[in-house]
Amino acid sequence: MVASTCKEEQSDRNLSHEQPTVRVIAGGPTLAGDSNRSRKNYAKYAMTSKEVFFNTPAAKRVRVRQVPIIWTDEDEEGILYPHEDALVIKVTAASKKFDQVLVDTRSLVDILFKSTLEEMRIADLRLEHTNTSLKGFGGGRLVPLGVVELSITISSPPTERTMILDFIVVNEEGPYQMILGRPFLRMSKAVLSNHYLGLKYRVNGVVGVARGDQRIARSCYSTAAREAMQITSLNTRVGAKNGRHEPVEELETERYEAINGEVEKLLKVGFIREVNYPEWISNVVLVKKANGKWRMCVDFTDLNKACPKDSFPLPKIDQLVDSTTGHGLLSFMDAFSGYNQIPMFEQDEESTAFITNQGLFCYRIMSFGLKNTGATYQRLVNKIFKALIGRTMEVYVDDMITKLKIPKEHVDHLEETFGLLRKYKMKLNPEKCAFGVE
């Protein structure tokens, strides 16, 4: 999630033209202030290595020997390793206990969701106005509802710690009830450890600890992943017809039906099988076709990054064109779902696993979207038609041409081609084939 100060409204940008950014939660009323001048001064003090006092009298600091904060192997007890879980702790606010509180070091503000505020039964009249807006909750500009001052308590006696924080209230949905950012860490002077999933802080001369709940953290992650990643559509525009947008619920239903239909069809023909405990899981991607129907694809981005590149060369188009020039008769053939005619190596099948609402499945045949499908298919057809390529045939991946300068011998050469197709059980798509083209 991200929130950043917006000096002026910016026009929306197409997602395809956005530059990759590392997003953090920023903005809101912070130590830097709400005005541009105060923010510039804040940055200037950092550049000059001077200490910043914000309308507070400078007081001489007295060094006090304090109990050290350390982490030991004992802090690993009860934690499942390895893990990459977020730190989600329990706090008490407005006499109510909340257990879905994210501690986020990337957040420059403490965030309170409106649903949590309503659960506290605190009237909106207590919200104070803020001059700054936020950016990053989904990438768009977000105007906070206001600021509320709340007292929160972490941990339990005798090492509980209570502090007063200013929360930015937002009307957004999320898996968490509130987000504690850098203001919380500054006020509590806590030391955070993601490895040990905990916070340690000094209180009454001893070290207190607030431990994260790994089970709740994974539940929150699962909720967010289900909402944002279960179905991804490359068509970011909601289909508009005659200026009217189709209802989102109808679109979601349509997508689920498209996925379910495709999965059933692939299971029926034996292209996929159900799988348990795969090491790799990819997401389903839906693409809108020209006829208005959905095409189901699988996003193998992460899997492709881990695979070595097959550098087998593809034929050069200009050379293919030159080699067919001057021939009196041509026949064009196209393989039917060419990639799907190549079986996967059995040990690699589960690496192509993908997730749908019906379960986990993996491909038994070579699927579109894999890194080396083009090179693999070209190597195959080069071996199959080795005796004919350059003489009576030219092949570019799944597109084949039978050529001949003497038309009366064309049928004989087609028989050679079809003989090899039958031998290796390669099927053609009749709708995309054309024979005897002059």
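What counts, and at which threshold
- Residues numbered from 1 in each chain as written.
- Predicted model: local features only at pLDDT ≥ 70, side-chain atom pairs only at ≥ 80, totals over all residues.
- Heavy atoms only, no water.
- Helix = DSSP H or I, 4+ residues; strand = E, 2+ residues; numbered from the N terminus.
- Buried < 20%, exposed > 50% of the residue type's maximum accessible area, 1.4 Å probe, protein only.
- Contact = heavy atoms within 4.5 Å.
- Areas by Shrake-Rupley, 256 points an atom, 1.4 Å probe, with all protein chains shown as cover.
- Pairing = 2+ DSSP bridges.
- Axes fitted to C-alpha atoms, helices over the stretch in contact; angles between N-to-C directions.

### Describing the overall build of the chain
Thought 1: What the chain contains, in helices and strands, is 9 helices and 23 strands.
Thought 2: Per-residue burial over the chain gives 37% buried out of 438 residues.
Thought 3: Within the chain, contacts between residues separated by at least 24 positions form 68% of all contacts whose residues are at least 6 apart in sequence.
Thought 4: By element, 50% of the accessible surface of the chain is carried by carbon and sulfur atoms, the whole surface being about 28000 Å².

### Some details on the sheet that holds strand β7 (residues 161-170)
Thought 1: Strand order in this closed barrel of 6 strands is β1-β2-β8-β3-β7-β6, and the pairing throughout is mixed. The average angle at which neighbouring strand axes cross in this sheet is 45°, direction not considered.
Thought 2: Looking at chain direction, strand β1 (residues 88-93) and strand β2 (residues 96-103) are connected through 5 bridges and run antiparallel. The partner of alanine 93 across the bridge, within β2, is lysine 96.

### Overview of the sheet that holds strand β18 (residues 329-334)
Thought 1: Pairing is antiparallel in the open sheet, where 4 strands are placed in the order β21-β22-β18-β23. Two strands lie at the open edges of the sheet, namely β21 (393-396) and β23 (434-437), each paired on one side alone. Taking the axes of each pair of neighbouring strands and ignoring which way they run, one obtains an average angle of 15° across the sheet.
Thought 2: As paired strands, β18 and strand β22 (residues 399-404) are joined by 6 bridges and run antiparallel to one another. Its bridge partner lying in β22, aspartate 334 is registered against aspartate 399.
Thought 3: Relative to the sheet, helix α7 (residues 317-324) contacts β21 and β22, its axis offset from that of β21 by approximately 160°.

Note that all results are geometric; they support no functional claim without further evidence.
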